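Okay, here's what each chain looks like letter by letter:
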Number of protein chains: 2
Amino acid sequence: MSTLSPQPYKGTRDYYPEDKRVQNYIFETWKQTVQRFGYEEYGAPILEPLEVYTAKSGQELANEQTYSFTDRGGRVVAIRPEMTPTISRMVAARRQEMAYPARLFSIANFMRYERPQRGREREFWQLNVDIFGVDSILAEAEIIALSSAVMKALGAKDDMYVIKINNRQLINFMMAQYLGLDAVQAQLMMKLFDRKAKISLEDFRDQAIEIFGEAMASEGLTKLSALMSAQSMADLPREIRESSAVKGVQELFTQLERAGVTNAMFDITLMRGLDYYTGTVFEVYDTDPENNRSLFGGGRYDGLVGLFGAEPLSAVGVAPGLTMTELFLRSHKLLPELISTTQVYIVVLGDALKGAMKLADELRSEGVNTELDMTGRKLDKQLKTGIKKQIPFMIFVGDEEIKNELYQLKDISSAEEQTLSVERIIATVKDHRRSS
Amino acid sequence: MSTLSPQPYKGTRDYYPEDKRVQNYIFETWKQTVQRFGYEEYGAPILEPLEVYTAKSGQELANEQTYSFTDRGGRVVAIRPEMTPTISRMVAARRQEMAYPARLFSIANFMRYERPQRGREREFWQLNVDIFGVDSILAEAEIIALSSAVMKALGAKDDMYVIKINNRQLINFMMAQYLGLDAVQAQLMMKLFDRKAKISLEDFRDQAIEIFGEAMASEGLTKLSALMSAQSMADLPREIRESSAVKGVQELFTQLERAGVTNAMFDITLMRGLDYYTGTVFEVYDTDPENNRSLFGGGRYDGLVGLFGAEPLSAVGVAPGLTMTELFLRSHKLLPELISTTQVYIVVLGDALKGAMKLADELRSEGVNTELDMTGRKLDKQLKTGIKKQIPFMIFVGDEEIKNELYQLKDISSAEEQTLSVERIIATVKDHRRSS
């Protein structure tokens, strides 16, 4: 038989313990933060019927990016590319029994068939946070405040990120009433807005002209430039400023200010790719000029639960991703030093294995994470293994130590050595964990 | 558009918060227990090339049970049906750099296309624990002791489960030397042994005769019955008892006794389905006669790392599953009462929302998981929501309370109410969490 490749599948990542520590640090910070806001964890299947995504996630996502296939029973399924349709389905299934407002979160993996690049992998992990059953803008305010709290919990300062906010109803008004576009043109213009940061100003102009059409181009471009130059809601063209959709946006900013979120801004060009948004949309941006990228986003999607045959229910959600979060933390130097979850490595001298096992048992029963070297190798080889594993303490156990019930404890970071009883070892190691 | 079904994909489960609490309880107990033994967590992709499983996992698993398909780039992939090939691949990829013995674990989901039934789902979760780089039987002893520790940590008593142990080399000796079977016959006989508990004695006999063939049947059945009636290693036919493979098994029992594992027993009929095992195999059984089922198992698989082009490396692993563990805990009444991770539900009276938000912020910043009812509904509706969510405490906030900075705290389980300052509320809630 030929040799198998040791590489992971394209666009996916192996998380070795040192990578997993970073993942766990981010996951645990996420989890703790959203639990502070009273959100409860749920879990969901990795597979869904493909039609769940063709319904409302958008053509590109459902038709080009899903890992979809026909199962051995003839069902057309997809590995989930996002969580919103799934959690909407789950809420729909228990529409009558659940307590509202429902506050729910999950941390899960997803797959999309895209070209892998920096910050984008085919398999990716996301925190998914959703509130169901609050019609008012207070839901958006809480989800955005929570998004900001997630950033803060990871060590971000206010000036490291900005929250850009727009509204789908306002976008619709702008496209139809202000720019005078029909549905097809509006769709194209939204896609163009979405690509804005990735293309040149000239390309943007050319493509806008194409959407407006010869006859409308001149007037259209003038109106567009009035839009794009607006730095705040007050700068917007009067027709838009006086539209009813603006009121909700203004109320949202009032609520955010009350919640202490000061780095939010209105951005009329913010679109978000997914079809199911019905009101507020927002994105958190890295302000570092070298990155200047969208970290994650969310919005209101009041129509999804109803798609699954249940009474309609309002919903607002957000989904920070692991990959962009890790890049953000690294570029802003916010990632703490993360060591092994193992606290003690026992090095065994001579024939002391039996006694060393007993010591390991004692330490473990007192809650100390203890690895025992049972290889019988030379001292220096055992020592090297413990150091390579980044375990903070080492204990040396020989016959003499067992007889005297006193052991040498070495603190690897300070290289300090002490001769201690089991009780003192336990206290020292536990103390270190608390203070680190 | 027609309505979408709210049901999850066949053989998968939605984990609502009350289900997820059970899952998290088991996951966290697993994690804590294996970390006590110095195992470190890793993560791995949900997809692997299909050939990773056709190589050594066995024909049934790779060809009939995988969720395999061709991706948009023409690669034949499978949703992982187990972790052993993946972790072997990961170790092979860093064969030179890693520190040995390597002790690794993960908690992950898997999929197999099987008929769903009680205790078996198409998507299932497993703890995967593996030690790489220990040739001696001490590796098996540690993995089995750890398996027992996992059961104990979940509340199991020694008499609730038994660990059955066999050895692939001993099985091979038994099949070839003792029963005189060729490779094809041996394969069939092993499959028959594997099904033993699920078929009648008569069926077992008939199928055994078919495997032996007319000429050998009589002698074969006599030898088989001598085997099957053995209650311990001492009862085994002399040829087997004196084979070299028995020595390793005996040494393992000695080590297990030393480690305090008293509920292990030898079982010559234990096979385990997977092709890659090379030495010890074991399974943990529920002793409840109503269940009498295998909970999980593991064994030695020294050949897998080498398949990925790396220098061969010895390995022993075990993989307890979530579904069987949950069934075990429920049938033995070992599952503790699990409440919401949210600690406080704030009920808002009248126009006090702004002040209630401030209170929520204060509680959260002190580490209290706080949900705020922002619906403006009547008192009794808010109250019902908090109770339905199984949140242990409720705070009632009106204008009067905000002015006086004193709030009513209600303990839901005792129905006791106290009027307290924020500081006292925080202390009371934290105290409750610690004691529960």
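All figures in this text were calculated on a predicted structure; none of them were measured in a lab. (Residues numbered from 1 in each chain as written. Chains lettered and ligands numbered in written order. Predicted model: local features only at pLDDT ≥ 70, side-chain atom pairs only at ≥ 80, totals over all residues.)

In terms of regular secondary structure, chain A is built from 17 helices and 16 strands. Overall, chain A is about 95 × 55 × 50 Å in size when its C-alpha atoms are taken along their principal axes. Across the 436 residues in chain A, those meeting the buried criterion constitute 45%. Contacts in chain A between residues far apart in sequence, at least 24 positions, make up 67% of those at least 6 positions apart. (Helix = DSSP H or I, 4+ residues; strand = E, 2+ residues; numbered from the N terminus. Buried ≥ 20, exposed ≤ 12 C-beta atoms within 10 Å, placed from the backbone. Contact = placed C-beta atoms within 7 Å.)

Our next topic: the relation of the copies chain B and chain A. For the pair chain B and chain A, the relating rotation is 180°, the translation along its axis is 0.0 Å, and the fit reaches an RMSD of 0.1 Å. The transformation relating the two chain copies, once decomposed into turn and shift, fits a two-fold axis. Judged by C-alpha distance, Phe-69 of chain B is the residue of chain B that lies nearest the rotation axis, at 3.2 Å. Here 100% of the interface residues in chain B have copies in chain A that are interface residues too; the copies meet face to matching face. (Least-squares fit on C-alpha atoms with pLDDT ≥ 70 in both.)

Let's shift gears to the pairing of strand E16 (residues 416-420) of chain B. All names here are of chain B. Of all 5 residues in E16, 0 are buried, a share of ten percent or less. In this structure, strand E15 (residues 407-411) lies alongside E16, joined through 5 bridges in antiparallel fashion. Its bridge partner lying in E16, Gln-408 is registered against Thr-419. (Pairing = 2+ DSSP bridges.)

In terms of nonpolar packing, the biggest core is built from 248 residues, with Ile-346, Ile-395 and Val-397 of chain A together with Ile-346, Ile-395 and Val-397 of chain B touching the most fellow members. Setting aside chain neighbours within four positions, we find Val-397 of chain A in contact with Ile-346, Val-347, Val-348, Leu-349, Ala-352, Gly-355, Ala-356, Leu-359, Ile-402 and Tyr-407 of chain A. (Core = buried A, V, L, I, M, F, W, Y, C linked by C-beta atoms within 7 Å.)

This paragraph deals with the sheet that holds strand E11 (residues 315-318) of chain A. All names here are of chain A. Ordered in space as E1-E5-E6-E11-E10-E9-E7-E8, the 8 strands form an open sheet in which the pairing is mixed. The open sheet is flanked by strand E1 (40-41) and strand E8 (264-266), the only strands paired with a single partner. Of the strand pairs in this sheet, strand E7 (residues 161-167) and strand E9 (residues 280-286) are connected by 7 bridges, and their pairing is antiparallel. Bridged to Lys-164 within E9 is Glu-283. Against the sheet, helix H11 (residues 244-258) touches E7, E8 and E9, its axis set at about 150° to E7. (Axes fitted to C-alpha atoms, helices over the stretch in contact; angles between N-to-C directions.)

On to the interface of chain B and chain A. Counting from both sides, the interface comprises 72 residues of chain B and, opposite them, 72 residues of chain A. With 6 residues, helix H1 (residues 17-36) of chain B is the single largest residue contributor to the side of chain B that touches chain A. Considering only residue class, the side of chain B that touches chain A consists of 35 nonpolar, 17 polar and 20 charged. (Nonpolar A, V, L, I, M, F, W, Y, C, P; charged D, E, K, R; others polar.)

Here we take up the sheet that holds strand E3 (residues 67-70) of chain A. All names here are of chain A. Judged by pairing direction, the sheet is antiparallel, and its 3 strands sit side by side in the order E2-E4-E3 without closing on themselves. Of all the strands in the sheet, the pair left with one neighbour each is strand E2 (47-49) and E3. Sheet twist, expressed as the mean angle between neighbouring strand axes with direction ignored, is 35°. Examined bridge by bridge, E2 and strand E4 (residues 76-79) share 3 bridges and lie antiparallel to one another. Opposite Leu-47, over in E4, you have Ile-79 as the bridge partner.

Moving on to unusual backbone geometry. The omega torsion of the bond from Tyr-100 of chain A to Pro-101 of chain A falls at -5°, within 30 degrees of zero and hence cis. Here Pro-101 of chain A shows up in the loop between helix H4 (84-93) and strand E5 (102-111). Even without glycine at this site, Lys-333 of chain A takes up a positive phi of about 55°. Positive phi, normally seen in glycine, also occurs at Glu-405 of chain B, with a value near 55°. Here Glu-405 of chain B shows up in the loop between helix H16 (399-404) and E15.

The next subject is the environment of Thr-66 of chain B. All names here are of chain B. Its location among the elements puts Thr-66 in the loop between helix H3 (59-65) and strand E3 (67-70). Overall, Thr-66 belongs to the buried group, with 23 C-beta atoms counted inside 10 Å. On a C-alpha basis, the gap between Thr-66 and Phe-110 in space is 9.8 Å, while along the polypeptide they are 44 residues apart. Apart from the residues within four sequence positions on either side, Thr-66 is in contact with Leu-50, Tyr-53, Leu-61, Ala-78, Pro-81 and Tyr-113.

Before going further, it helps to spend a moment on the domain arrangement of chain A. Partitioning chain A into structural domains gives domain 1 (17-331) and domain 2 (344-435). Centre-to-centre separation of domain 1 of chain A and domain 2 of chain A, based on C-alpha positions: 50 Å. (Domains from an automatic or database assignment.)

Right, let's talk about helix H1 (residues 17-36) of chain A for a bit. Within an α-helix, residues lying three or four positions from one another point in the same direction, as the helix has 3.6 residues per turn. Residue and element names in this part refer to chain A. Under the 1.5 Å per step criterion, the end-to-end length of H1 is 28 Å for 20 residues, consistent within 8% with the ideal 28 Å. Pro-17, Lys-20, Arg-21, Ile-26, Trp-30, Thr-33, Val-34, Gln-35 and Arg-36 are the residues of H1 that are buried. Gly-38 sits one or two residues past H1 and shows a positive phi near 85°. (Expected span 1.5 Å × (residues − 1).)

Residues and elements named next belong to chain A. With 13 residues, helix H14 (residues 353-365) should reach 18 Å at 1.5 Å per residue; the first-to-last C-alpha distance of 18 Å fits that figure. Among the residues of H14, Ala-356, Met-357, Leu-359, Ala-360 and Leu-363 are the ones counted as buried. Across the axial projection of H14, the buried residues extend over an arc of 160°, all falling on one side. In H14, those exposed residues whose orientation departs by more than 90 degrees from the buried face are Lys-354 and Ser-365. Where H14 ends, the next residue or the one after it, Gly-367, has phi of about 90°, a positive value. (Arc of directions from axis to C-beta.)

Attention now moves to the packing of helix H8 (residues 201-212) of chain A against helix H9 (residues 217-228) of chain A. Residues and elements named next belong to chain A. Two elements in contact, H8 and H9, have axes separated by 9 Å at closest approach and are oriented at 125°. In terms of axis orientation, H8 runs oblique to H9. Handedness of the crossing formed by H8 with H9: right-handed. When H8 is examined against H9, the residues Ala-208, Ile-209 and Phe-212 are found in contact with a partner set consisting of Ala-217, Gly-220, Leu-221 and Leu-224. Partitioning the contact of H8 with H9 into residue classes produces 6 nonpolar, 1 polar and no charged. (Parallel < 35°, antiparallel > 145°, perpendicular 65-115°, else oblique. Left-handed = near helix turned anticlockwise from the far one by under 90°.)

The next subject is the packing of helix H7 (residues 183-195) of chain A against H8 of chain A. All names here are of chain A. As a packed pair, H7 and H8 sit with axes 10 Å apart at the nearest point and diverge in direction by 170°. As the angle between them shows, H7 and H8 are arranged roughly antiparallel. When H7 is examined against H8, the residues Gln-185, Leu-188, Met-189 and Leu-192 are found in contact with a partner set consisting of Phe-204, Gln-207, Ala-208 and Ile-211. Residue composition of the contact of H7 with H8, grouped by class: 6 nonpolar, 2 polar and no charged.

Moving on to the pairing of strand E4 (residues 76-79) of chain B. Residue and element names in this part refer to chain B. Where E3 and E4 come together, 4 bridges link them in antiparallel fashion. Looking across to E4, one finds that Thr-70 is bridged to Val-76. Two successive antiparallel strands, E3 and E4, enclose a turn made up of 5 residues, where Gly-74 displays a positive phi of approximately 85°.

Turning our attention to the confidence of the model for chain A. Per-residue confidence for chain A gives a mean pLDDT of 93; residues scoring 70 or more make up 99%. Of the two predicted TM-score estimates for the complex, the pTM is 0.95 and the ipTM is 0.94. (pLDDT = per-residue confidence, 0-100.)

For the rest of this paragraph, the subject is the environment of Val-184 of chain B. Relative to the assigned elements, Val-184 of chain B resides in helix H7 (residues 183-195). With 9 C-beta atoms counted inside 10 Å, the residue Val-184 of chain B sits in the exposed group.

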